[in-house]
Amino acid sequence: MVQLVREAARVIRSPVADSRRWNSFEPRDGDIIIATFAKCGTTWTQRIVDLLVFQSPDVRQFGEISPWLDSTIFNSLEDDLATLKAQTHRRYIKSHLPFDALPVWDTVKYIHVGRDGRDARLSWQNHEQGFNPEFVARIGAQAMALMAEKGVKPSGPPPRPPEDPREYLLQWFAELEAATDAPVGGGPNLGPGFFDFEATYWRERHRPNLLLVHYNDLKENLEGEMWRICDFLGIAAPKALMPSLVEAARFETMKRDGDALFPKLKQAFDRGADRFLNKGRSGRWRQFLNDDDVARYEAIARRAATPGLAHWLEGGRLLAGDPVSSPE
């Protein structure tokens, strides 16, 4: 029987998420929770886990199989729980919560994916620019309701974010500088809570049922990282099958098959899956930031994160080594 090891330490509520939805979740032995900050490789990792669980490169609508349980903008909690209860295969669930807002069970596996915040921020800019007006209105309505519940009077709609990628990044840098220690927000944007969010996983990286994966490592050695995830999950994948699973997990393959994998994304994004699956690259921020900008971000990272965490977020295991081996 699955045993609760640690309760969630805090409640996170935002215009798109409510951590209390996990209170109704009934875990099973071997469940997999894929938990990340926005635009850090969540969907990519869901597809990898999907391929490993089903041992097949077939196209599946894994977004329907693997619900974002803390989300309040898509399915009702009752529908998500019913979907999960009906599943007889090994379940894998998405979350955008910090680790201390999630309950920890002894035989549930947790996979966290990290990414350089500058890359994630640029990916979020594309994400934000692609929202359909109806989707923006829905998020806005939930934001207004949450503010009213907290007794906060809205000051009007937020200003339109910069279109220029450099200005967009610099605006985020300013937010980080103004509120380095701000509470985690949980989305829908990459706000000042980025480093705090990542620290919740970094601090508990020695848990045997938590695996830290990095976007850069997936890009540089997808097959090796898939074997690493396979070992962590205790899945015995046939060696002869792995090449076809790796090919199905490549970003380019996912983008090609996007509409079949995510048919409902057209309800939220102007180009559906083509918008949602953006460029799948690392280091794109180098096209837009000058040396002074880079130094500014690095100074922010030094203040907001421990050296080991900052180093890992910048480059993953290839640059910083295995997180578990970090002396911090």
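In this text, all values refer to a predicted model and were calculated from it rather than measured experimentally.

**Examining the overall build of the chain**
Thought 1: A count of helices and strands for the chain gives 16 helices and 6 strands.
Thought 2: For the chain, the proportion of its 328 residues judged to be buried stands at 54%.
Thought 3: Restricting the contact set of the chain to residue pairs at least 6 apart, pairs at least 24 apart contribute 77%.
Thought 4: With an accessible surface of roughly 14,700 Å², the chain has 52% of that area assigned to carbon and sulfur atoms.

**Some thoughts on the environment of valine 59**
Thought 1: Along the polypeptide, valine 59 turns up in the loop between helix 1 (42–54) and helix 2 (62–65).
Thought 2: Its relative accessible area of 42% is what places valine 59 among the partly exposed residues.
Thought 3: Counting along the chain gives 198 residues from valine 59 to aspartate 257, while the straight-line C-alpha distance between them is 7.6 Å.
Thought 4: Apart from residues no more than four positions distant in its own chain, valine 59 is found in contact with Arg47, Asp257, Ala260 and Leu261.

**Some points on the nonpolar core**
Thought 1: Ranked by internal contacts, the top residues of the largest apolar core, which has 46 residues, are Trp22, Ile33, Leu102, Trp105, Tyr110, Phe173 and Phe195.
Thought 2: At 6 residues, helix 7 (residues 194–202) tops the list of elements feeding residues into this core.
Thought 3: In this view, leucine 102 contacts Arg6, Glu7, Ala8, Trp22, Ile33, Ala35, Ser95, Leu97 and Tyr201; residues no more than four positions away in its chain are not counted.
Thought 4: Membership of the second largest hydrophobic core comes to 33 residues, among which are Val49, Leu52, Leu218 and Leu261.

**Points about unusual backbone geometry**
Thought 1: Positive phi, close to 65°, is recorded for lysine 39, a residue that is not glycine.
Thought 2: Structurally, lysine 39 can be placed in the loop between strand 2 (32–36) and helix 1.
Thought 3: Located in the positive-phi region is glutamine 55, a residue other than glycine, with phi close to 55°.
Thought 4: Overall, the relative accessible area of 25% leaves glutamine 55 in the partly exposed class.

**Brief notes about the pairing of strand 2**
Across a regular strand the side chains alternate sides, sitting on one face of the sheet and then on the other.
Thought 1: Along strand 2, 5 of the 5 residues are buried, which leaves the element largely enclosed by surrounding structure.
Thought 2: Summarising the sheet, strand 2 and strand 5 (residues 109–114) pair through 5 bridges and their orientation is parallel. Residue pairing in the sheet places isoleucine 32 in a bridge with lysine 109 of strand 5.

**A look at the pattern of salt bridges**
Any two side chains of opposite charge can pair, so long as their charged atoms come close to each other.
Thought 1: For the structure on display, the rule yields 19 salt bridges.
Thought 2: In this structure, the salt-bridge partner of arginine 13 is aspartate 18, at a minimum N-O distance of 3.7 Å.
Thought 3: Among the ionic contacts, a cluster of salt bridges with common partners joins Arg13, Asp18, Arg20 and Glu149.

**Remarks on helix 5 (residues 133–149)**
Thought 1: Its 17 residues place the ends of helix 5 24 Å apart at the C-alpha level, agreeing with the 24 Å of an ideal helix rising 1.5 Å per residue.
Thought 2: Buried within helix 5 we find Phe135, Ile139, Ala143 and Leu146. Around the axis of helix 5, the buried residues are gathered within 75° of arc, so they sit on the same side. Turned more than 90 degrees off the buried face of helix 5, the exposed positions are Pro133, Glu134 and Ala148.

**Notes on the sheet that holds strand 6 (residues 210–214)**
Thought 1: Reading across the sheet, the 4 strands line up as 3-2-5-6 and stay open at both edges, with parallel pairing between neighbours. Two strands close off the open sheet at either side, each with one partner strand: strand 3 (92–95) and strand 6. Averaged over all adjacent pairs, the angle separating strand axes in this sheet is 20°, with direction ignored.
Thought 2: Pairing geometry for strand 2 and strand 3, over 4 bridges, is parallel. Each residue of the ladder has a partner; that of isoleucine 33, found in strand 3, is isoleucine 93.
Thought 3: Its contacts with the sheet place helix 9 (residues 222–233) against strand 2, strand 5 and strand 6, and it is angled at close to 170° to strand 6.

**Re the packing of helix 1 against helix 9**
Thought 1: Axis separation between helix 1 and helix 9 bottoms out at 11 Å; the angle between their running directions is 65°. Read as a crossing pair, helix 1 and helix 9 show a hand that is right-handed. Touching Trp44, Ile48, Val49 and Leu52 of helix 1 are Leu222, Met226, Ile229, Cys230 and Leu233, all from helix 9.
Thought 2: Taken together, the residues of the contact of helix 1 with helix 9 break down into 9 nonpolar, no polar and no charged.

**Considering the confidence of the model for the chain**
Thought 1: Mean pLDDT over the chain: 87, with 89% of residues reaching 70 or higher.
Thought 2: Contacts for the low-pLDDT stretch residues 181–192, under 50 throughout, to residues beyond four places or in other chains number 40 contacts.

Calculation criteria
Residues numbered from 1 in each chain as written. Predicted model: local features only at pLDDT ≥ 70, side-chain atom pairs only at ≥ 80, totals over all residues. Heavy atoms only, no water. Helix = DSSP H or I, 4+ residues; strand = E, 2+ residues; numbered from the N terminus. Buried < 20%, exposed > 50% of the residue type's maximum accessible area, 1.4 Å probe, protein only. Contact = heavy atoms within 4.5 Å. Areas by Shrake-Rupley, 256 points an atom, 1.4 Å probe, with all protein chains shown as cover. Core = buried A, V, L, I, M, F, W, Y, C linked by side-chain atoms within 4.5 Å. Pairing = 2+ DSSP bridges. Salt bridge = Lys/Arg side-chain N within 4 Å of Asp/Glu carboxyl O. Expected span 1.5 Å × (residues − 1). Arc of directions from axis to C-beta. Axes fitted to C-alpha atoms, helices over the stretch in contact; angles between N-to-C directions. Left-handed = near helix turned anticlockwise from the far one by under 90°. Nonpolar A, V, L, I, M, F, W, Y, C, P; charged D, E, K, R; others polar. pLDDT = per-residue confidence, 0-100.

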